[in-house]
Amino acid sequence: MNLLKLSFILLFTIIMGNFITIAQKTNVSNLSIAQIMQGNDFIGHLPSNITWDISGKQFYFYWNPENAYSDSLYLYNIENKKITKVDFETQYNLPENIIYNNNHTKAVYSAHGDIFYWNLKTGIKIQINNTLAYENNPHFLQDEQKIVYKSDKNLFVWDITTGTTKQITNFKSGSKPNDKKIDNAQNKWLQEQQLALFNVLSEKKQKQKAGKTEEKKNKLMQPLPIYLSGKNLMWANLSPDGNYVSYLLMKRNKSKRTIVPHYVTESGYTEEQNTRPKVGTLPTKFEFYIYDIKNRKVEKIDLTKLKNYEYIPEYTKDYPNKKYTNSDRISYIGQPVWSNDGKNAIINISSNDHKDRWIALIDFKNFKIETLNNQHDTAWIGGPGIGWFSRPEIGWMPDNQHIWFKSEKSGYAHLYTLDIKTKKTKQITKGKFEVYNPKISLDKKFWYFTANINHPGDRQFYRMPLKGGKPEQLTYMTGNNEVSLSPNEKYLAIRYSYSNKPWEIYLMKNPALSDNEKMIQITHSLTQEFKNYPWREPKIITFKASDGAKVYARIYTPEEKQKNNAAIIFVHGAGYLQNAHKWWSGYYREYMFHNLLVDNGYTVLDIDYRASSGYGHDWRTAIYRHMGGKDLSDQVDGAKFLANEYGIDPQKIGIYGGSYGGFITLMAMFKAPDVFKAGAAIRSVTDWAHYNHGYTSPILNTPVTDSLAYVRSSPIYFADGLKGHLLILHGMVDDNVHFQDVVRLNQKLIELGKQNWEMALYPIERHGFVETSSWTDEYIRIFNHFQKYLLGK
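Just so you know, these numbers come straight off a predicted model, no measurement behind them.

Asks: Can you walk me through a nonpolar patch on the surface in this structure?
Replies: A cluster of nonpolar side chains, L197, F198, V200 and L201, forms an exposed patch at the surface whose accessible area comes to about 370 Å². In this structure, V200 sits in helix α6 (residues 199-220).

Next up, the structure:
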């Protein structure tokens, strides 16, 4: 190490040490900010991603008990009750995405880009291919004697009996070449004259013609070339009878993207990153095709006959002088889901204005689709297992005549069935709760699913009769039980946590099949340093909002002798998220910071404001066309609740949060300046017109079509309302909420002549901070900010 580098490191260490020491002078907690901002290095590295071995006698998970650079794969054996680290070669050859035949006697899977067939009766495994190409997505055809898989763009079928492989599709990049034709009458006359005058030319022409005829015959024995014409192939699916291929093409419209400069680089030069476009870009085009293999016919499927396709959104009535057009409403289309008998297939289709979802039956012979179920929302389609931030969950019932799906029709995400002939729909689960990850049991008699039946913030695993009825609770520890059911359904591997107990893996026998219901802890991940502190169990409370709504929140309260009559409201981020729950929070650094704050006498309130997940449709969509409306008023009502019920001084209330939480913090400081004396806004959206399309357009539509929604929802328009003390913190290479966002707000505050704000910048951090030094600096600044402006320290 050279002297200059060593000097720099020493200087940095001294500066950071002094900075941390200054912060600690006003911190009376046994915890230090530098300590808790180490994250999992302080807590312990927690296990994740449980997957069962096909035998059902062992399962795999990722873990890092050695505090290594990254997690490694581990194996737990049920019989010898031992945990072992998986070596590289074993991990390399492990099956990925195992697919069984109907009676679970055969399996097919991919591993390291190759396809394997496994006869479970004999135990014989056959590697179907061993190539540098990436083969994936294998599954059985209807007769279970053939396996289809994807390699590069194309589908191939491997015959189990003969061992032969046949290419099914021939997708080609580019456009179909045109036959050379003579372009005018003069040239055509000259060609005909030459052929009539010279036998050698005429004979040569006849030979060429005969050769082309033979070539055409040969090509008829090969898969039909299908040219993509500059579009992207999203997926291709072979019907179980092997007669039809359905596929989806996508063409993304060109749009300008934001450049994010990187200032601290290895090269010493500023380097540019080309990131996402802004909301309001032209919709991506999707086209659904069917290829009839026997008749060598390809047709694009007309989707304009879907129910409610001509719908025009209600918000457009606010713009009577602006013409609204959306001639192609189709967004992404999921792959066909086939019935077990291979006779029928359904697809899930979304609209690009986010107002409709269609489940449709495919008529392959006639190249048509039929709407089975149309879910419509004047706000936007979403909810667990339905759409938006959740993959749609649909499937077939055992009778092959009914499908199952999820819908928010009742106000919550519940299970429904539908008869494909009569289109009669039946609701299977009912109540003010949400259903997650439903699965039909091996014997086809029951459902397994997770739900928050007992409390919005408590998730348990259930079994229920297939036709409906009272769910039977199988797990029993309050918190979150992420269950992975063994292939034979005899065991539950559970990733469990509680509010003040981080995630660990437990094992139990399936209570539905066994009398032994005890959960046995398998992993022990926590460091002694973490266990030395008595972590608080935040109390889950409710308060009444100004519009009468019941709002759930976590509250952390100090001992009476420590109480300083000040409070801080934490605003969680969005996407679609819940934080006033009874399990270990994804905001674990913030959870630990809240314990530190309480040690210093603060009361901390963490609200599941309007638009948080776990509370049903109306809660989810309450911010439609107005972010910073009810989600902000919930924070204001929370502040009043603290003053009225917990004796908090109304002049000593601060607010902070990151991402969407940072956005709400800005709105609180600008629109409710008499309620919040100090705020810290982390990685904040300041103007929704500059955020991404996928998240923003469902809630606010687009800036061009619904400018009113963007103006009333964007903090930059309300910056003149700032009265309290604002701290802005942002990563300079944030490629989610761009650094440009806060730079624009910076300029606005300068032009408004505001002096009561400051900004801290982090040159090497993206949206989610990585470096412990950045986390530490950020939260020391936040702590000092509240100490100074709420307590005068």
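Asks: How do you make sense of the packing of helix α10 (residues 630-646) against helix α11 (residues 660-671) when you look at a structure like this?
Replies: The geometry of a pair of packed helices is captured by two quantities: the angle between their axes and the separation between those axes. Orientation of α10 relative to α11, taken along the N-to-C sense of each, is 70°, at an axis distance of 10 Å. On the basis of the axis angle, α10 is roughly perpendicular to α11. Crossing angle aside, the handedness with which α10 passes α11 is right-handed. Where α10 abuts α11, its residues D631, L632 and Q635 lie against Y660, F663, I664, M667, A668 and K671. Class assignment for the residues of the contact of α10 with α11 results in six nonpolar, one polar and two charged.

Asks: How should the sheet that holds strand β19 (residues 285-292) be read in this particular structure?
Replies: The pairing of strands in a sheet comes from backbone hydrogen bonds and takes either a parallel or an antiparallel form. Overall, antiparallel pairing links the four strands, which are arranged β15-β16-β19-β20 in an open sheet. Where the open sheet ends on each side, the last strands, each with one partner, are β15 (232-238) and β20 (297-300). Strand after strand, the sheet turns through a mean of 20° between neighbouring axes, direction not considered. Summarising the sheet, β15 and strand β16 (residues 244-251) pair through six bridges and their orientation is antiparallel. The residue of β16 that forms the bridge with A236 is Y247.

Asks: Is there a simple way to explain the packing of helix α5 (residues 185-197) against α6 in this structure?
Replies: Packing of α5 against α6 brings their axes to within 5 Å, and their N-to-C directions diverge by 105°. Between α5 and α6, the interaxial angle falls into the category roughly perpendicular. Seen from α5, the contacting residues are Q191, Q194, L195 and L197; seen from α6, they are N199, L201, S202 and K205.

Asks: It is not clear to me how the packing of aromatic side chains should be interpreted in this structure. Could you clarify?
Replies: In this description, a pair of aromatic rings is defined by centroid distance and the angle of the planes. Within this structure, the stated rule accounts for 58 aromatic pairs. Taking the centre distance of 5.1 Å and the plane angle of 20° together, the rings of W338 and F364 count as stacked. With W338 in strand β22 (residues 337-338) and F364 in the loop between β24 (356-363) and β25 (368-376), this residue pair connects regions lying 26 residues apart in the sequence. One exposure class covers both W338 and F364, and it is buried. Centroid distance F641 to Y646: 5.7 Å. Interplanar angle 65°. Geometry classified as edge-to-face. A relative accessible area of 15% means that F641 is categorised as buried. Members of the aromatic cluster, joined through ring pairs, are W380, W388, F389, Y576, Y609, Y624, Y660, F663, W688, Y691 and Y695. Over the ring of W380 we find R620, and its NZ or CZ is 5.1 Å from the ring centre.

Asks: Whenever I open this one, the nonpolar core confuses me. Can you help?
Replies: One broad trend across soluble globular proteins is that nonpolar side chains are buried collectively. I569, L605, M627, Y660, F676, W688 and L726 are the most contacted members of the largest nonpolar core, which totals 66 residues. With eight residues, α11 is the single largest residue contributor to this core. Setting aside chain neighbours within four positions, we find M627 in contact with Y660, F663, M667, W688, Y695, I699, L700, R712 and S713. Grouped together as the second largest cluster of nonpolar side chains are 44 residues, I43, F570, A680 and Y779 included.

Asks: Looking at this model, I keep getting lost on the pattern of salt bridges. Mind explaining?
Replies: It is possible for side chains of opposite charge to pair when their charged atoms get near one another. One pass over the full model with this rule turns up 26 salt bridges. Between E287 and K231 there is a salt bridge, with its nearest N and O atoms 2.8 Å apart. Of this pair, E287 sits in strand β19 while K231 sits in the loop between β14 (225-227) and β15, and the two are 56 residues apart along the sequence. Of the residues examined, K231 reaches a relative accessible area of 21% and is grouped as partly exposed. For D547, the salt bridge is made with K630, and the minimal N-O distance between the two is 3.8 Å. Placement of D547 in the loop between β38 (539-544) and β39 (550-556) and of K630 in helix α10 is noted, with a sequence separation of 83 residues between them. Through salt bridges with shared partners, a single ionic network connects D547, R610, K630 and D634.

Asks: Would you mind going over the environment of Y695 with me for this structure?
Replies: Looking at where Y695 falls in the secondary structure, it is placed in helix α12 (residues 693-700). Y695 gets classed as buried once you look at its relative accessible area, which sits at 7%. As a C-alpha pair, Y695 and F389 span 306 residues in sequence and 8.6 Å in three-dimensional space. Leave out the neighbours within four places in its chain, and Y695 touches W388, F389, A574, G575, M627, Y660 and W688.

Asks: How should I be thinking about helix α8 (residues 588-599) in this particular structure?
Replies: Think of an α-helix as 3.6 residues a turn; residues three or four steps apart then line up on the same face. End to end, α8 covers 17 Å across twelve residues, agreeing with the expected 16 Å (1.5 Å per residue, within 8%). With twelve of its twelve residues buried, α8 lies for the most part within the structure. Listing the buried residues of α8 in full gives Y588, R589, E590, Y591, M592, F593, H594, N595, L596, L597, V598 and D599.

Asks: Could you clarify how one ought to interpret the sheet that holds strand β26 (residues 394-396) in this entry?
Replies: Strand order in the open sheet formed by four strands is β26-β27-β28-β29, with antiparallel pairing between adjacent strands. Strand pairing shows two members of the sheet lacking a second neighbour, β26 and β29 (425-427), which therefore form its edges. Averaged over all pairs of adjacent strands, the angle between their axes in this sheet comes to 25°, without regard to strand direction. With three bridges joining them, strand β28 (residues 414-419) and β29 adopt antiparallel strand pairing. In the sheet register, Y416 faces β29, and the bridge partner there is Q427.

Asks: Sorry if this is basic, but what is going on with the pairing of strand β34 (residues 480-485) here?
Replies: Side chains on a regular strand alternate between the two faces of the sheet. Relative to strand β35 (residues 491-498), β34 is paired through six bridges, and the arrangement is antiparallel. Of the residues in β35, the one forming a bridge with S484 is A493. If you look at the hairpin formed by β34 and β35, you'll find five residues sitting between the two strands, and E489 has a positive phi there, around 65°.

Asks: Where do I start with empty space enclosed by the protein in this structure?
Replies: Applying the stated criterion to the full structure yields three cavities of 30 Å³ or more. Considering only enclosed or pocket space, the largest cavity measures out at about 80 Å³ in volume. Lining the largest cavity are 16 residues, and of these A574, G575, A611, I623 and Y695 lie nearest its centre.

Asks: Any chance you could explain unusual backbone geometry here in plain terms?
Replies: Most peptide bonds adopt trans geometry, and most residues besides glycine take a negative phi value. Backbone geometry places N67, a non-glycine residue, at a positive phi of 55°. Structurally, N67 can be placed in the loop between β2 (58-63) and β3 (72-77). Assessed through its relative accessible area of 45%, N67 is described here as partly exposed. We note that S229 has phi near 50°; this positive angle belongs to a residue other than glycine. Inspection of the secondary structure assignment puts S229 in the loop between β14 and β15.

Calculation notes
Residues numbered from 1 in each chain as written. Predicted model: local features only at pLDDT ≥ 70, side-chain atom pairs only at ≥ 80, totals over all residues. Heavy atoms only, no water. Patch = residues over 30% accessible without salt bridge, like charges linked within 9 Å, V, L, I, M, F, W, Y side chains within 5 Å. Areas by Shrake-Rupley, 256 points an atom, 1.4 Å probe, with all protein chains shown as cover. Salt bridge = Lys/Arg side-chain N within 4 Å of Asp/Glu carboxyl O. Helix = DSSP H or I, 4+ residues; strand = E, 2+ residues; numbered from the N terminus. Axes fitted to C-alpha atoms, helices over the stretch in contact; angles between N-to-C directions. Parallel < 35°, antiparallel > 145°, perpendicular 65-115°, else oblique. Left-handed = near helix turned anticlockwise from the far one by under 90°. Contact = heavy atoms within 4.5 Å. Nonpolar A, V, L, I, M, F, W, Y, C, P; charged D, E, K, R; others polar. Pairing = 2+ DSSP bridges. Phe/Tyr/Trp six-rings, centres within 6.5 Å; stacked < 30°, edge-to-face > 60°. Buried < 20%, exposed > 50% of the residue type's maximum accessible area, 1.4 Å probe, protein only. Lys NZ or Arg CZ within 6 Å of the ring centre and 35° of its normal. Core = buried A, V, L, I, M, F, W, Y, C linked by side-chain atoms within 4.5 Å. Expected span 1.5 Å × (residues − 1). 1 Å grid on protein atoms, 1.4 Å probe; cavity = no way out; pocket = protein on both sides within 12 Å on 5 of 7 lines; lining within 4 Å. Points joined across faces, edges and corners; volume = space filled by probe spheres on them.

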